[in-house]
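Results of the structural survey
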Amino acid sequence: MIGLFFLACQTNSLDTGWENCENAPVVNYENFGEGFLLHSCQGCHASTTENRYGAPENVVFDTKEHSIEWKERIRATTIGESPTMPPAGVLSEEEEIMLYWWLVCNDQE
């Protein structure tokens, strides 16, 4: 994951074409998504979370299958036109790039 993070840091400008999936590195649940969801989402979206702070009970990201089920909503709410998640803080540009590569460029199944 460190290598992917380094690559993301090197290609964090729209001018470099990071949104071009053709040149995107392999970013998947195992090397990015799981850690990102754990750190940024599961405070409210884990099935074991006692206080979900208003998160819907059915929106959980406990497994890879959950992330696949919710990938379009994760993308829309984190890196879409009007991001609302995570509510506790803004994502770094590097996190946005990695999320894009994971959710848009790489096969989730």
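Reference entry: report on the structure contained in this document.

Helix H6 (residues 93–105) packs onto helix H2 (residues 29–40) with a crossing angle of 125° between their chain directions and a minimal axis gap of 10 Å. When the axes of H2 and H6 are compared, the pair comes out oblique. You can see that H2 and H6 cross each other, and the crossing is left-handed. Of H6, the residues touching H2 (which contributes Tyr29, Phe32, Gly33, Phe36, Leu37 and Ser40) are Glu95, Met98, Leu99 and Trp102.

Under the criterion given, the structure shown has one disulfide. There is a disulfide in this structure between Cys21 and Cys105, and the S-S distance comes to 2.1 Å. The chirality of the disulfide connecting Cys21 with Cys105 is left-handed, given an S-S dihedral of about -70°. On the criterion of sequence distance, the pair formed by Cys21 in the loop between helix H1 (2–10) and H2 and Cys105 in helix H6 is long-range, its members being 84 residues apart. Here Cys41 stays unpaired: no disulfide links it, and the sulfur of Cys44, its closest cysteine neighbor, is 9.0 Å away. Classification of Cys44 by relative accessible area gives buried; the value is 19%.

Rules and cut-offs
Note that residues are indexed from 1 along each chain, following the sequence as it is written. Totals for whole chains, interfaces and linings use all residues, but because this is a predicted model, local features are given only for residues with pLDDT of at least 70 and pairs of side-chain atoms are given and counted only at 80 or more. Side-chain numbers here rest on the full set of heavy atoms in the structure, without hydrogens or water. Every axis corresponds to a line fitted to the C-alpha atoms, with the helix fit spanning only the stretch in contact, and the corresponding angles, defined between N-to-C directions, vary from 0 to 180 degrees. Segments assigned H or I by DSSP are reported as helices when at least four residues long, segments assigned E as strands when at least two residues long, and all are numbered from the N terminus. Under this scheme an angle from 65 to 115 degrees is roughly perpendicular, one under 35 degrees roughly parallel, and one over 145 degrees roughly antiparallel; angles in between are oblique. Each helix crossing is assigned a hand: it is left-handed if the near helix lies turned anticlockwise from the far helix by less than a right angle, otherwise right-handed if that turn is clockwise. Contact definition: two residues touch when any of their heavy atoms are within 4.5 Å. We call a pair of cysteine sulfur atoms a disulfide when they lie within 2.5 Å. Under the scheme applied here, a residue whose accessible area is under 20% of the maximum for its type counts as buried, over 50% as exposed, and between as partly exposed, the area being computed with a 1.4 Å probe on protein chains only.

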